[in-house]
Amino acid sequence: MILYIVKKESDLGSLIDKLSSKGARYRVVELYGRRLVIAWPDSIAEGIEDPSVEAKIKTGKQYPLASREWKRETTVVNVGGVEIGRERIVVAAGPCSVEDEELMIDISRRLKSLGVSIIRGGAFKPRTSPYSFQGLREKGLKILRRVFEETGLPIVSEMMDPRDAALFKEYVDMIQIGARNSQNFALLREVGKMGKPVLLKRGFGNTVDEWLSSAEYILSEGNGSVVICERGIRSFETGTRFTLDVGGIALAKRLTHLPVCADPSHPAGRRDLVAPLALAAIASGADALLIEVHPHPEKALSDSEQQLDIAGFSALMERLRSIARAVGRDL
Ligand code: PEP
Ligand code: MN
C-alpha cells in the first residue's frame, strides 16, 4: 500500500484524478491534523507523482495508518484530560462489572486516592454463557456517569453493539472493544465514526498484525484516539488459561505509534498472577494498565477469581512504581 501525506491547503483533485484514471483504489483520511491518502495496488500507486504530495511512503503492512512508518512519535490519546502515551504510565482500574452505585462510587474514590486515573466497569458484559450475569446495561452506564460526577475520573466501559452508540456517547469517556469483538468490523467502524477514545482489546486468537489491522478500521474512519490492549492469547498452555503476550507488547510498541495497554487480569484469570503479569507488562513497554479491582472479590458477579481487593491493588501499585522507575518511566 502507498500512503501519501498531502500538503495542508492543497487541492486533492489532481492526485485523485490520476489515481482513478489509472485504476487505483484509494481512501482519503484526516488524522492528527494531517491529510492522508492511502492507495493500492502498489504497482499503480507507486508511480504516481503530484505537486500536492509532501511525502510518499510504501508499506508492506495492512495497517498503514496505525504504522510507525509514517508517524514516528507515539500518539498521545487524551481520555477526559488523562493522557495515555507519555512517560507517565496510566492505570485504569475498577470492577469487572458495574454492580451497584454505592459500591462503584466508594471503590472509585479509593482507587483515585491510590493513583488510578481512569475508572473501568462493564455495563454490557460479553459472557461465555447466556445464563451468566449480563450487566446492568443502561442503568450501569448511568451509574458510571455518577462515578465521574463524584470523582472527576474519566470512565472506560465496553460497548458490544453499534446500536448502543448513542448511550455510550452520552455516558462514557472511552469505549472498550472486548477481545471477543476485536474483529467485529461493523462495531470497529462505528466507534471510528463516534470519534471518542477507544480501548481496543486484542482478540485471543489474533496475531499482532490482525490486532493492528483492527485498529486500522477505527483510524480509517478518522478516529486516531485508539489505545490497543493486550489481554492474553490462546496457546497450548492451559495452566495460565490465556498467555499474556509480553513479546507482542514489545513488538506492537515498535510497529505502531498507538499507545499500548496491558490487561493483567483476564489472561490467567487468577488473582495471584495479576501482579507478576502487570509488572512484566510495564517492563515490556506498556503505556497503560487495565486492572480489575473489587471491594469484595469473592462476592463479585463476574470474574470473582481474578479481581484484586483494595489491599492487594494498593500493594501492587507500590511495586509497579519501582518497575516503572527502572524502565525510565513514572506512574
Ligand atoms: C473485561 O475487560 O471485563 C473483558 C470482558 O475483557 P476481554 O474482552 O479482554 O475478555
Ligand atoms: Mn472481567
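Predicted model only: the values in this text are computed from it and were never measured.

## Looking at empty space enclosed by the protein
On inspection of all chains with the given rule, the structure shows one cavity of 30 Å³ or more. Quantified by volume, the largest cavity comes out at close to 50 Å³. Lining the largest cavity we find I84, A92, I118, V156, M174, L199, C261, A288, L289 and L290. Classifying every residue of the lining of the largest cavity gives ten nonpolar, no polar and no charged.

## A look at the sheet that holds strand 9 (residues 155-158)
Reading around the circumference, 7-8-9-10-11-12-13-14 is the order of the eight strands in this closed barrel, with parallel pairing throughout. Neighbour to neighbour, the strand axes of the sheet diverge by 25 degrees on average, direction disregarded. In this structure, strand 10 (residues 174-177) lies alongside strand 11 (residues 198-201), joined through three bridges in parallel fashion. Paired with Q176 across the two strands is L199, which belongs to strand 11. Contacts from helix 4 (residues 138-151) reach strand 8 (118-120) and strand 9 within the one sheet, and its direction differs from that of strand 9 by about 165 degrees. Along the sheet face, helix 8 (residues 246-255) touches strand 12 (226-230) and strand 13 (260-262) and points at about 165 degrees away from the line of strand 13.

## Looking at the nonpolar core
Counting 77 residues, the largest nonpolar core has I228, I291, F313 and L320 as its most contacted members. When neighbours within four sequence positions are excluded, L320 is seen to be in contact with A278, L279, I282, L289, I291 and L331. Grouped together as the second largest cluster of nonpolar side chains are 15 residues, V79, I84, I118 and V227 included.

## As for the site of ligand 1
Surveying the vicinity of ligand 1 reveals 13 residues, the closest of which are R120, A179, R180, K201 and R231. K201 is positioned with one of its side-chain polar atoms (N or O) 2.7 Å from an oxygen atom of ligand 1. Within the side chain of H266, a nitrogen or oxygen atom sits 3.2 Å from an oxygen atom of ligand 1. When ligand 1 sits alone it has 300 Å² of accessible area, and the protein chains cover 97% of it. Under a 2 Å grid-point criterion requiring more than half of the atoms, the pocket assigned to ligand 1 is the largest pocket.

## Describing unusual backbone geometry
With an omega of -5 degrees, the peptide bond between W40 and P41 qualifies as cis. Its location among the elements puts P41 in the loop between strand 3 (34-40) and helix 2 (42-45). Phi is positive for D303, which is not a glycine, with a value near 50 degrees. Structurally, D303 is set in the loop between strand 14 (288-292) and helix 10 (310-326). Looking at D303, the relative accessible area reads 22%, which means it is partly exposed.

## Regarding the layout of surface pockets
Its volume calculated, the largest pocket comes out at about 380 Å³. In terms of lining residues, the largest pocket is bounded by 22 residues, among which P126, R180, R231, H266 and D303 are the most central. Partitioning the lining of the largest pocket into residue classes produces five nonpolar, seven polar and ten charged. In this structure, the second largest pocket encloses a volume near 270 Å³.

## Looking at the packing of aromatic side chains
Applying the stated criterion across every chain yields a total of four aromatic pairs. Taking 5.6 Å as the distance between ring centres and 45 degrees as the angle between the ring planes, the aromatic pair formed by F124 and F168 counts as tilted. With F124 in the loop between strand 8 and helix 4 and F168 in helix 5 (residues 165-171), the pair connects residues that are 44 residues apart, well separated along the chain. Per residue, the accessibility class of F124 equals that of F168, and both read buried. Aromatic pair F204 and F242: ring centres 4.9 Å apart, planes at 35 degrees, arrangement tilted. Taken together, the residues span a long stretch of sequence, with F204 in the loop between strand 11 and helix 7 (208-219) and F242 in the loop between strand 12 and helix 8 at a distance of 38 residues. Cation over ring: K71 sits above Y32, and NZ or CZ is 4.7 Å from the ring centre. Against the face of F204 rests R234, its NZ or CZ located 5.0 Å from the ring centre.

## Comments concerning the environment of E30
Of note, E30 is situated in strand 2 (residues 25-31). In this structure, the C-alpha to C-alpha distance between E30 and L308, residues 278 residues apart in sequence, is 41 Å. Contact partners of E30, with chain neighbours within four places excluded, come to R35 and G222.

## Observations regarding the environment of S43
Its location among the elements puts S43 in helix 2. As a C-alpha pair, S43 and Y26 span 17 residues in sequence and 13 Å in three-dimensional space.

Reading the values: rules and limits
- Numbering of residues starts from 1 in each chain and follows the order in which that chain's sequence is written.
- A letter from A marks each chain and a number from 1 marks each ligand, given out in the order of writing.
- Local features are withheld for residues below a pLDDT of 70 in this predicted model, meaning they are given only at 70 or higher, and side-chain atom pairs are given and counted only at 80 or more; totals for whole chains, interfaces and linings count all residues.
- Heavy atoms from the whole structure form the basis of all side-chain values; hydrogens and water molecules are not counted.
- Think of a 1 Å grid over the protein atoms and nothing else: a 1.4 Å probe that fits but is trapped marks a cavity, an open set flanked by protein within 12 Å on at least five of seven lines marks a pocket, and residues with an atom within 4 Å of a point count as lining.
- Grid points are joined across faces, edges and corners, and a volume is the space filled by probe spheres set on the points.
- Polarity classes work like this: nonpolar for Ala, Val, Leu, Ile, Met, Phe, Trp, Tyr, Cys and Pro, charged for Asp, Glu, Lys and Arg, and polar for all others, with Gly in that last group.
- The rule for pairing is simple: two strands pair if DSSP sees at least two bridges between them.
- Counting from the N terminus, the helices are DSSP H or I runs at least four residues long and the strands are E runs at least two residues long.
- Axis definition: a line fitted to C-alpha atoms, over the contacting stretch in the case of helices. Angles run 0 to 180 degrees between N-to-C directions.
- Contacts were defined at the residue level, with two residues in contact if any of their heavy atoms lie within 4.5 Å.
- Grouping buried Ala, Val, Leu, Ile, Met, Phe, Trp, Tyr and Cys residues that are joined through side-chain atoms within 4.5 Å yields what is termed a nonpolar core.
- Here's how the labels work: a residue is buried when its accessible area is under 20% of the maximum for its type, exposed when over 50%, partly exposed in between, all with a 1.4 Å probe on protein chains only.
- Here, proximity means that at least one heavy atom of the residue falls within 4 Å of the molecule or strand.
- Under this definition, polar contacts are N or O atom pairs within 3.5 Å; protein pairs additionally need one hydrogen-donor-capable and one acceptor-capable atom, and for neighbouring residues in sequence, both atoms have to be side-chain atoms.
- Each accessible area value is a Shrake-Rupley result obtained with a 1.4 Å probe; residue values ignore everything except the protein chains displayed when judging cover.
- To qualify as sitting in a cavity or pocket, a molecule needs more than half of its atoms within 2 Å of the grid points.
- Working definition: rings of Phe, Tyr and Trp (its six-membered ring) pair if their centres are within 6.5 Å, and the pair is stacked with planes under 30 degrees apart, edge-to-face with planes over 60 apart, and tilted otherwise.
- Throughout this description, the term charge over a ring refers to an Arg CZ or Lys NZ atom that lies within 6 Å of the ring centre and within 35 degrees of the ring normal.

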